[in-house]
Amino acid sequence: MIQFQYTITDPNGLHARPAGLLVKEAQKFSSAVKLTRGEKSADLFAVMGMGVKCGETVEVSVDGADETEAAQALEQFFRENF
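These notes cover the structure that comes with them. Since the structure is predicted, the reported quantities are computational estimates derived from the model, not experimental observations.

**Section: the environment of Ser30**
Assignment of secondary structure puts Ser30 in the loop between helix H1 (16-26) and strand S2 (32-37). Judged by relative accessible area, which is 59%, Ser30 ranks as exposed. Sequence separation between Ser30 and Ala70 is 40 residues; the distance between their C-alpha atoms is 8.4 Å. When neighbours within four sequence positions are excluded, Ser30 is seen to be in contact with Ala65 and Asp66.

**Points about the sheet that holds strand S4 (residues 57-63)**
An order of S1-S4-S2-S3 is seen for the four strands of this open sheet, with the pairing classed as antiparallel. Of all the strands in the sheet, the pair left with one neighbour each is strand S1 (2-7) and strand S3 (40-43). Neighbour-to-neighbour, the strand axes of the sheet open up by a mean angle of 20 degrees, direction not taken into account. Note: S2 against S4, five bridges, orientation antiparallel. Within S4, the residue paired with Val33 across the bridge is Val62. Where helix H2 (residues 67-81) meets the sheet, it contacts S1, S2 and S4, and its direction lies at approximately 0 degrees from that of S1.

**Quick notes on the packing of H1 against H2**
As a packed pair, H1 and H2 sit with axes 10 Å apart at the nearest point and diverge in direction by 160 degrees. With respect to their mutual orientation, H1 and H2 come out roughly antiparallel. When you trace H1 past H2, the crossing you get is right-handed. Across from Pro18, Leu21, Leu22, Glu25 and Ala26 in H1, the residues of H2 making contact are Ala73, Leu74, Phe77, Phe78 and Asn81. Across the contact of H1 with H2, the residue classes tally to eight nonpolar, one polar and one charged.

What counts and how
Residues numbered from 1 in each chain as written. Predicted model: local features only at pLDDT ≥ 70, side-chain atom pairs only at ≥ 80, totals over all residues. Heavy atoms only, no water. Helix = DSSP H or I, 4+ residues; strand = E, 2+ residues; numbered from the N terminus. Buried < 20%, exposed > 50% of the residue type's maximum accessible area, 1.4 Å probe, protein only. Contact = heavy atoms within 4.5 Å. Pairing = 2+ DSSP bridges. Axes fitted to C-alpha atoms, helices over the stretch in contact; angles between N-to-C directions. Parallel < 35°, antiparallel > 145°, perpendicular 65-115°, else oblique. Left-handed = near helix turned anticlockwise from the far one by under 90°. Nonpolar A, V, L, I, M, F, W, Y, C, P; charged D, E, K, R; others polar.

In short, shape yes, function no, at least from these values alone.
Quick look at the structure:
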């Protein structure tokens, strides 16, 4: 399992359009992806329900056969979109 943290910088937080794009990006890989913020954690399909706001840090966990490639791609995606 590979984990990384990212602090959301988008003024709107983790909102619908980029969250949908995040799901599409993660679906390119076979690894399971989970986001955690404080006590809440969710797979990517439930990420909108987490209510992540600007300035909050999420931990992204990637686990599976292609976890290294998936984690690199998702970390880049976060930097470009959130």
